[in-house]
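Listed below, chain by chain, are the residues.
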Amino acid sequence: MLVKKAWRHFLDFLELVGLRRESSGDYGRRLKLLKLRYYQFRDLLTANNELLEIIAEFEERLLSDARMGMQYVRSRALSALTSTHRMVDSLNALSQGRYPAVTRAFEKIQLRISASLTLGETPGDRVWVLPISELSRQSAPLVGNKMAVLGELRNRLAMPVPDAVAITTHAHRRFLEAAGGADVFAPPGPGGPSGELEAFSRRAREVILGTAVPEELAAAITAAYRGLSRGTLPPPRVSVRSSALKEDSEISFAGQYATVLNVEAPGLLDAYKTVLASIYEPQAVEYRRSMGIDESDVAVAAGCVVMVDALCSGVAFSRHPVDPGSDRVLIHAGWGLGPSIVAGKVDPDVYLVDRGGGRAPVTCSPARKPVRIVGLAGQGVAEEPVPADMQDRPCLETDEARALAEMCVRLEEHFGEAQDVEWAMDRDHRICLLQSRPLTRVHEEAETRDVFPADARLLLEGGTPAVPGAGSGPVFLAESVESLDRLPQGGVLVAAKSSPKYVRAMKRASAIVTD
């Protein structure tokens, strides 16, 4: 009887973590899935232990009558919230989203604790800027996910990450106070008159760009930038990037907020305001609505990351987004700075690297790369032709592709889920990691349906799928962002290149095809 009961509990556990299904006996596939679930479970336990240590630390101080300043209380409470968030995320990853109520309960608790922590807060309690040397995943409530993860990579994993500072969410709140308060930036509700959201967006961005950065905040940002230069000449140029609280987490925000590249000291504050203003772009507001994010929860930090003098750059995925069962790392690479690849300006070199490590087999499919994006001598970036002898040459040597793939696998093992990694290689052939976030929805099996009419005629085949599946409907050619409002329900959106602005039409589109 006890054996049967134990066996039933074991089968229930396998079903919970997605390893017991009626279909297929693909042992290799199930073993890979078991490894992924193991890392997710390990992360849940690690986060739980971190939370218990924080609780024990609080109890010890209370019992000893030790003094606790509000700065200490806020710091440890934010760390506790971060650990709890990781536990909730890991639980839902293990159970394939079976417990959304736990997420909602955590968000309510988070709001209550955050509200309590701001009571009696004075400007002297706020931290405006933090160096990357002080950041880890526990820093996310203060510096956002993007910068917290970069700190984790650099400080806990000793991986190659450029020097950087983070402008905190406290700074964002202080700037909004100077710009007129949160009420000025409350967008209209959904379903309003045509053009209402665009009018709000334009006003909000004008207010932000026309507001001076408060003196104490400007001084802190400028001092932190000088710390990055450490007296070197010329001073470093930086990229100024958004790092929102839920950005680069289970909600990606990919491409929704601005990044300003190749910024020098005189342009630093304006670049920061550009990032803050991008929060209110129409597509960003629409994306938050689609993700169920309340505008009162929007808190944005920003990273000032020293620019890599990139020979080449690109993105890498610790598992193939379309074929995760292949057990290979997928790498895209192009000459110059990353936007040439991310924005779809050129076709990238494509590398597939076996995850076994060592002398793992590498398959390279080089592409013609006629242009690249480079930093200008003054400030900003520009597109330029690639020298003829480099256009068809692969960006990465075989060993360089292997080294990058090993980094990606290590990141997946550390975070317990597949990773989407942004990288660059400098002119001395040193690889730097610029970003790591959960890979959006690794499909174990592509969902396909018989959606095509019986008399359908093949017009075009091939291409690279971003998300597997099938769809059909009337073709709609997107000539501009404004034309998206005319996309019919169930239409197939066709455009010259991909854009984050298409998020406003995704709910109506049955498929999206770009050149």
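Residues numbered from 1 in each chain as written. Predicted model: local features only at pLDDT ≥ 70, side-chain atom pairs only at ≥ 80, totals over all residues. Heavy atoms only, no water.

## Section: the overall build of the chain
What counts here: Here a strand is any run of E in DSSP of at least two residues, a helix any run of H or I of at least four, and the numbering for each starts at the N terminus. Buried means the residue's accessible area, taken with a 1.4 Å probe over protein chains only, is under 20% of the maximum for its type, while exposed means over 50%, and partly exposed covers the values in between. Only heavy atoms matter for contacts: two residues are in contact if any of them lie within 4.5 Å across the pair. In this description, accessible areas are obtained by the Shrake-Rupley approach with a 1.4 Å probe, and a residue is regarded as covered only by the protein chains that are shown.
Along its length, the chain carries twelve helices and 16 strands. Every one of the 515 residues in the chain was classed for burial, and the buried ones make up 46%. A sequence separation of at least 24 residues applies to 62% of the contacts in the chain between residues at least 6 apart. By element, 55% of the accessible surface of the chain is carried by carbon and sulfur atoms, the whole surface being about 26,500 Å².

## Regarding the sheet that holds strand E15 (residues 491-495)
Note the following rule: A pair of strands is treated as paired once DSSP finds two or more bridges between them. Note on geometry: axes are C-alpha line fits, over the in-contact stretch for helices, and angles between N-to-C directions span 0 to 180 degrees.
The strand order across the open sheet built from three strands is E14-E15-E16, with neighbouring strands paired in parallel fashion. Every other strand in the sheet has two partners, leaving strand E14 (475-477) and strand E16 (509-514) as the edge strands with one partner each. Averaged over neighbouring strand pairs, the angle between their axes works out to 25° when direction is ignored. Alignment of E15 against E16, held across five bridges, turns out to be parallel. Within E16, the position partnered with leucine 493 by the bridge is isoleucine 512.

## Overview of the sheet that holds strand E13 (residues 431-438)
Strand order across the open sheet formed by six strands is E9-E8-E7-E6-E12-E13, with antiparallel pairing between neighbours. What marks the edges here is a single partner per strand, and that holds for strand E9 (362-365) and E13. Mean inter-strand twist for the sheet, computed between neighbouring axes without regard to direction, equals 20°. Two strands pair when backbone bridges link them, and strand E6 (residues 310-317) and strand E12 (residues 419-426) are joined in this way by seven bridges, in the antiparallel orientation. Within E12, the position partnered with valine 315 by the bridge is glutamate 422. Contacting E6, strand E7 (328-335), strand E8 (349-354), E9, E12 and E13, helix H12 (residues 398-415) crosses the sheet at an angle of about 35° to E13.

## A closer look at the pattern of salt bridges
Put simply, the rule reads: The salt bridge definition used is simple: a Lys or Arg side-chain nitrogen within 4 Å of an Asp or Glu carboxyl oxygen.
Scanning the model with the defined rule gives 26 salt bridges in all. In this structure, the salt-bridge partner of aspartate 43 is arginine 86, at a minimum N-O distance of 2.8 Å. On the criterion of sequence distance, the pair formed by aspartate 43 in helix H2 (residues 27-63) and arginine 86 in helix H3 (residues 70-94) is long-range, its members being 43 residues apart. Here aspartate 43 matches arginine 86 in class, with each residue buried. With its nearest N and O atoms 2.7 Å apart, the salt bridge here joins aspartate 349 to lysine 369. Of the two residues, aspartate 349 sits in strand E8 while lysine 369 sits in the loop between E9 and strand E10 (371-375), which places them 20 residues apart along the sequence. The exposure class assigned to lysine 369 is buried, which follows from its relative accessible area of 0%. By sharing partners, the salt bridges in this structure join Asp43, Glu50, Arg86, Arg137, Glu152 and Arg156 into a single network.

## Looking at the nonpolar core
Which entries qualify depends on this criterion: What we call a nonpolar core is a set of buried Ala, Val, Leu, Ile, Met, Phe, Trp, Tyr and Cys residues that are connected through their side-chain atoms within 4.5 Å.
Among the nonpolar cores identified, the biggest contains 45 residues, and Ile331, Leu396, Leu404, Trp423 and Leu433 are the most heavily contacted of them. Breaking this core down by element, the ones donating at least two residues are helix H5 (140-155), strand E2 (164-167), E6, E7, E8, H12, E12 and E13. Not counting residues within four places of it along the chain, the set of residues in contact with leucine 433 comprises Leu150, Leu153, Met159, Pro160, Val161, Pro162, Leu404, Met407, Leu411, Val421, Glu422 and Trp423.

## A word on the packing of aromatic side chains
Where we set the bar: The pairing test for Phe, Tyr and Trp rings, Trp by its six-membered ring, is centres within 6.5 Å, and the orientation test on the planes gives stacked under 30 degrees, edge-to-face over 60, and tilted for anything in between.
Under the criterion given, the structure shown has one aromatic pair. Taking 6.1 Å as the distance between ring centres and 85° as the angle between the ring planes, the aromatic pair formed by phenylalanine 200 and tyrosine 280 counts as edge-to-face. Here phenylalanine 200 is found in helix H7 (residues 196-210), whereas its partner tyrosine 280 is found in the loop between helix H9 (268-278) and helix H10 (282-290), with 80 residues between them in sequence. Residue class for phenylalanine 200 comes out buried when judged on its relative accessible area of 4%.

## So, the environment of asparagine 49
With respect to the helices and strands, asparagine 49 occurs in helix H2. Taking the C-alpha atoms as reference points, asparagine 49 and serine 83, separated by 34 residues in sequence, lie 8.8 Å from one another.

## Side note on unusual backbone geometry
In this structure, alanine 158 is a non-glycine residue whose phi angle is positive, near 55°. Checked against the element boundaries, alanine 158 lands in the loop between H5 and E2. Within the chain, histidine 429 stands out as a residue other than glycine whose phi angle is a positive 65°. One can find histidine 429 in the loop between E12 and E13. The exposure class of histidine 429 is partly exposed, given its relative accessible area of 41%.

## Quick word on the packing of helix H6 (residues 169-178) against H9
To keep it simple, the criterion reads: To sort the angles, those under 35 degrees are grouped as roughly parallel, those over 145 as roughly antiparallel, those from 65 to 115 as roughly perpendicular, and the leftovers as oblique.
Orientation of H6 relative to H9, taken along the N-to-C sense of each, is 85°, at an axis distance of 12 Å. Between H6 and H9, the angle falls in the class roughly perpendicular. Contact with H6, carried on its side by Ala171, His172 and Phe175, involves Tyr272, Lys273 and Leu276 of H9 and no other residues of that element.

## Structural notes on the environment of valine 285
Structurally, valine 285 can be placed in helix H10. Assessed through its relative accessible area of 0%, valine 285 is described here as buried. Linking valine 285 and serine 201, residues 84 residues apart in sequence, is a C-alpha distance of 8.6 Å.

## A few points about H7
Convention followed: Helix span, expected: 1.5 Å multiplied by one less than the number of residues in the helix.
Between the first and last C-alpha of H7 there are 21 Å, a value that for 15 residues agrees with the 21 Å anticipated at 1.5 Å per step. Within H7, burial applies to Leu197, Ala199, Phe200, Ser201, Ala204 and Ile208.

## Some thoughts on the packing of H7 against H10
Put simply, the rule reads: Only Asp, Glu, Lys and Arg are considered charged in this grouping, and only Ala, Val, Leu, Ile, Met, Phe, Trp, Tyr, Cys and Pro are considered nonpolar; every other residue, Gly among them, is considered polar.
The contact between H7 and H10 brings their axes to 9 Å, and the two run at 115°. The orientation of H7 relative to H10 falls into the category roughly perpendicular. Across the interface between the two elements, Leu197, Glu198, Phe200, Ser201 and Arg205 from H7 touch Pro282, Val285, Glu286 and Arg289 from H10. Of the residues belonging to the contact of H7 with H10, the class tally is four nonpolar, one polar and four charged.

## Overview of the pairing of E13
Summarising burial for E13: eight of the eight residues are buried, a large majority. Of the pairings in the sheet, the one linking E12 to E13 comprises seven bridges and is antiparallel in character. Pairing of aspartate 420 across the sheet is with arginine 437, part of E13.

## Looking at the confidence of the model for the chain
The condition that has to hold: Per-residue confidence from the prediction method is given by pLDDT, with values spanning 0 to 100.
Scored by pLDDT, the chain has a mean of 81; 79% of the residues are at 70 or more. In the predicted structure, residues 248-253 sits below a pLDDT of 50 and forms 22 contacts with residues beyond four places in sequence or in another chain. Taken together, the stretch residues 442-448 has pLDDT below 50 and engages in 18 contacts with residues farther than four places along the chain or on a different chain.

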